[in-house]
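# Overview (structure and organization)
One-letter residues, chain by chain:
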Amino acid sequence: FVADVRARHTAYFTELAKQADYAMAGPAQARWHGLIIREYQNMRVAVEWAMARGDLLAAAQIAVGLGLHWRGGRMLSEGREWQKRLLAAPDALPDRVRVRLLDQAAYLASECGDAAAARSLAQEGLELARRIGDHRGVAASLVWLGAAADISGDFETAHGYLAEALEIQLVRGDAYGVAVARGNL
């Protein structure tokens, strides 16, 4: 009985996180941030339980869904720890989920001033995104490579990465991606 309740709990919060992943970048972001703040403890329990039973996909989907929450400066160290644990198993996640997780891990590393980690994570994300043809992932990885270069004081390299990311997002018609690239240029 308890295992069934935990499985349904995890499934519910996995779906909520998938919705939050996109909604927190849209016009209802304030409402979604409030919801995630209220439900964060439940999401934490779902991630820990999913990891404990080896369901890394569910844990990763929740972590990806919490990315914009963590980007808001909340629970950065916990977010980085979850990402590190999930990324430690390179073949356990579908490539597109891994690209998203690498994207968010590179961002959090750059926010914490860890240029070496940001560069390494973004480079891995870039290589994987290019290999699978994930243009959104390529652009995101380029942004965080640019951020890592910026943190290191290499402004010319940073500009090159960010300009390439902007070009990709303009072609894709991704307004949010364009704003992120332009905001970092």
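Above: the structure in question.
Report on the accompanying structure. (Residues numbered from 1 in each chain as written. Predicted model: local features only at pLDDT ≥ 70, side-chain atom pairs only at ≥ 80, totals over all residues. Heavy atoms only, no water.)

## Details of the environment of Trp70
Keep this limit in mind: Where helices and strands are cited, they refer to DSSP runs of H or I of at least four residues and of E of at least two residues respectively, numbered from the N terminus. Burial classification: accessible surface area is computed with a 1.4 Å probe over protein chains only, and a residue below 20% of its type maximum counts as buried, one above 50% as exposed, and the rest as partly exposed. Note on contacts: a residue pair qualifies if any of its non-hydrogen atoms lie within 4.5 Å across the two residues. In the analysis that follows, any N or O atom pair within 3.5 Å is treated as a polar contact, provided that within protein one partner can donate a hydrogen and the other can accept it, and provided that, for residues neighboring in sequence, both atoms belong to side chains.
By the element assignment, Trp70 lies in helix α4 (residues 67-71). Residue classification places Trp70 among the buried positions, given a relative accessible area of 0%. Trp70 sits 26 residues away from Arg44 along the chain, and the two C-alpha atoms are 13 Å apart. Contact partners of Trp70, with chain neighbours within four places excluded, come to Tyr40, Ala63, Met75, Leu76, Gly79, Trp82, Gln83 and Leu108. Reaching out from Trp70, the side chain makes a polar contact with the side chain of Tyr40 at a distance of 3.1 Å.

## Considering the layout of surface pockets
Short version of the rule: Think of a 1 Å grid over the protein atoms and nothing else: a 1.4 Å probe that fits but is trapped marks a cavity, an open set flanked by protein within 12 Å on at least five of seven lines marks a pocket, and residues with an atom within 4 Å of a point count as lining. Grid points are joined across faces, edges and corners, and a volume is the space filled by probe spheres set on the points. Charged means Asp, Glu, Lys or Arg here, nonpolar means Ala, Val, Leu, Ile, Met, Phe, Trp, Tyr, Cys or Pro, and polar covers whatever is left, Gly included.
Empty space within the largest pocket amounts to approximately 340 Å³. In terms of lining, the largest pocket is formed by 19 residues, of which the most central are Arg71, Arg100, Asp103, Arg136 and Tyr176. Mapped onto the lining of the largest pocket, the elements with two or more residues apiece are α1 (2-23), α4, α6 (95-111), α8 (135-151), α9 (155-172) and α10 (175-184). Tallied by class, residues from the lining of the largest pocket come to nine nonpolar, three polar and seven charged. Of the volumes computed, that of the second largest pocket is approximately 210 Å³.

## Details of the side chain of Ser141
Within the secondary structure, Ser141 sits in helix α8. Ignoring sequence-local partners within four residues, the contact set of Ser141 consists of Ala122, Gly125 and Leu126.

## Overview of the packing of aromatic side chains
Stated precisely, the cut-off is as follows: Within 6.5 Å between ring centres, the rings of Phe, Tyr and Trp (the latter by its six-membered ring) count as paired, and their orientation is classed by plane angle as stacked under 30 degrees, edge-to-face over 60, tilted in between.
By the definition in use, this model includes four aromatic pairs. When the centroid spacing of 5.4 Å and the interplanar angle of 70° are considered together, the rings of Trp70 and Trp82 count as edge-to-face. A residue pair is termed long-range when its members are at least 10 positions apart, and Trp70 in helix α4 and Trp82 in helix α5 (residues 76-87) qualify at twelve residues. Judged on exposure class, the residue Trp70 and its partner Trp82 are both buried. For the ring pair Tyr107 and Trp144, a centre distance of 4.7 Å and an interplane angle of 65° mean the geometry is edge-to-face. Linking Tyr107 in helix α6 with Trp144 in helix α8, this pair joins segments that are 37 residues apart in sequence. For the pair Tyr107 and Trp144, a shared accessibility class is recorded, and that class is buried. Following the ring pairs from residue to residue traces out a cluster consisting of Tyr40, Trp70 and Trp82.

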